[in-house]
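Geometric and topological summary
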Amino acid sequence: MMDLMQKLAILGESARYDVSCSTSGVDRPNQGTGIGNASIGGICHTWTEDGRCVSLLKVLMTNYCEYDCAYCANRHSNDIVRAAFSPEELADLTIAFYRRNYIEGLFLSSGVVKSPDHTTELMIRVLELLRRQYRFNGYIHAKVIPGTSADLVEQTGFLADRISVNMEQCTVASLQQLAPQKTALAIAKPMQFIASRRQANRDEIIRYRHSPVFAAAGQSTQIIIGASPERDLQILSSTQRLYNDYQLKRVYYSAYIPINADKRLPAVSQAPPLLREHRLYQADWLLRFYRFEVSELLDIHQPDLDLEIDPKCAWALRHLDCFPVELNRADYETLLRVPGIGVQSARKIIAARRNRCLKLDDLKRMRLVMKRAAWFITCDGQYGAARIPQADSLRFLLADKAGIGRQSPMQLQLEDIPGVRAL
Ligand code: SF4
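Let us look at the structure shown here. Bear in mind that the values here come from a model prediction, so they are computed numbers and not experimental data.

What counts and how
Residues numbered from 1 in each chain as written. Predicted model: local features only at pLDDT ≥ 70, side-chain atom pairs only at ≥ 80, totals over all residues. Heavy atoms only, no water. Axes fitted to C-alpha atoms, helices over the stretch in contact; angles between N-to-C directions. Helix = DSSP H or I, 4+ residues; strand = E, 2+ residues; numbered from the N terminus. Parallel < 35°, antiparallel > 145°, perpendicular 65-115°, else oblique. Left-handed = near helix turned anticlockwise from the far one by under 90°. Contact = heavy atoms within 4.5 Å. Nonpolar A, V, L, I, M, F, W, Y, C, P; charged D, E, K, R; others polar. Salt bridge = Lys/Arg side-chain N within 4 Å of Asp/Glu carboxyl O. Buried < 20%, exposed > 50% of the residue type's maximum accessible area, 1.4 Å probe, protein only. Near = heavy atom within 4 Å.

For the pair helix α2 (residues 87–99) and helix α3 (residues 116–133), interaxial distance at closest approach is 8 Å and the crossing angle is 40°. Looking at the two axes, α2 sits oblique to α3. In the packing of α2 onto α3, the handedness of the crossing is right-handed. Contacts from P87, E88, L90, A91, T94 and I95 of α2 reach α3 at L122, R125, V126, L129 and L130. Its residues assigned to classes, the contact of α2 with α3 shows eight nonpolar, one polar and two charged.

Rendered as structure tokens:
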């Protein structure tokens, strides 16, 4: 009979490929009636180099799965060691870890047992035990299995801070090919329900201040990159639709790690496309915070992001006629388009120039990333760099020559946390 720590080792490992948990996005202090706090920036204060968070107890309810998604380590056809927690075991374990300060919250997902609804009922039982019996007030991120019925999604949303339905593939063709038991509708329906339920919940809270909060930290999803032939244009277009139609908080991109030998997939020897994943995150950032549209970054003639330079520099190089920008006159939107100027820097520039005409020396004091910005700005009429370069040499100057130096995806193993074995 498998003991709890053996189950934990198996089910923690099985959950490692899901990247759709990073920040908590919710601030909820303890009111003195339970244990734990959820804080906006605090839940994921330990990061692996590739951006995956480790401070949640990230675990599957079970890695038994009746589905056979080609890219997944837990798929039905894989011959792996299987395990399952009972809801009581998992709730007890979460609280024990929380009390020992190993974790600040829970990220709970699961393989599909019997049906999406049956699986979700088991997960809801864990969340009920945590919230009602243990009065656990910490952060919880729960996955919603595609195809789960609306009333169970609703129950999950009132127990968890963040809920997410993994999209995995962004075209119907790839979904059919790689995850034949899932359908686009089974993924879209709960996403749509979560979006509309959150909207209704906002109205309830305005009317009745003490109404329970539904999915306070919103919903997110994950798209796997490189397992199927979609181009970055398709991926980012899907992303933009998700942000617009379902008000997702985040779309996570997960470079496909070849683990299964399957003729539908890239070869197992192939390295995960980590640089592509990184560029997609940069482009996603531009969509969310820099007011870019996908159509400005990519089109059918150039359907993939440039791996040598970041998407904002690539846009600037295609629009050299818009530069240089005079920092004393440019509006906020224009400032945001200058490579090296971020949201904070743009705000600082606008605040500082209210009182005086900015000079180049002021920019260094404001810690602007002049290495990039210098080629695209003037300040009080003075060009930021020593010379105006040709487009080709500018591209060379802006290229990530050293790459991003990212390492293979890894997650802190539970055995690596001192004391876990002694539980
Ligand atoms: S539903 Fe698909 S992705 Fe999820 S655990 Fe099962 S096989 Fe893996």
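A separate point is the pattern of salt bridges. What the rule picks out here adds up to 20 salt bridges. K7 is the partner of E89 in a salt bridge, and the nearest nitrogen-oxygen pair spans 2.9 Å. Highlighted residues: E89 in helix α2 and K7 in helix α1 (residues 4–14), separated in sequence by 82 residues. Judged by its relative accessible area of 25%, E89 falls in the partly exposed class. Assessed through its relative accessible area of 12%, K7 is described here as buried. Look at the salt bridges and you will find they share partners, linking E88, R125, E128 and R132 into a network.

Taken together, the residues surrounding the ligand are C65, Y67, C69, C72, R75, G111, V112 and K182. Taken together, the residues of the shell around the ligand break down into five nonpolar, one polar and two charged.

Following both chains from N to C, one finds helix α7 (residues 232–246) and helix α8 (residues 274–289) inclined at 40°, their axes separated by 11 Å at the closest point. Viewed along their axes, α7 and α8 adopt a mutual orientation that is oblique. With respect to the hand of their crossing, α7 and α8 are arranged in right-handed fashion. For the pair α7 and α8, contact is made by D232, I235, L236, T239, Q240 and Y243 and by R276, L280, A283, D284, L287 and R288, respectively.

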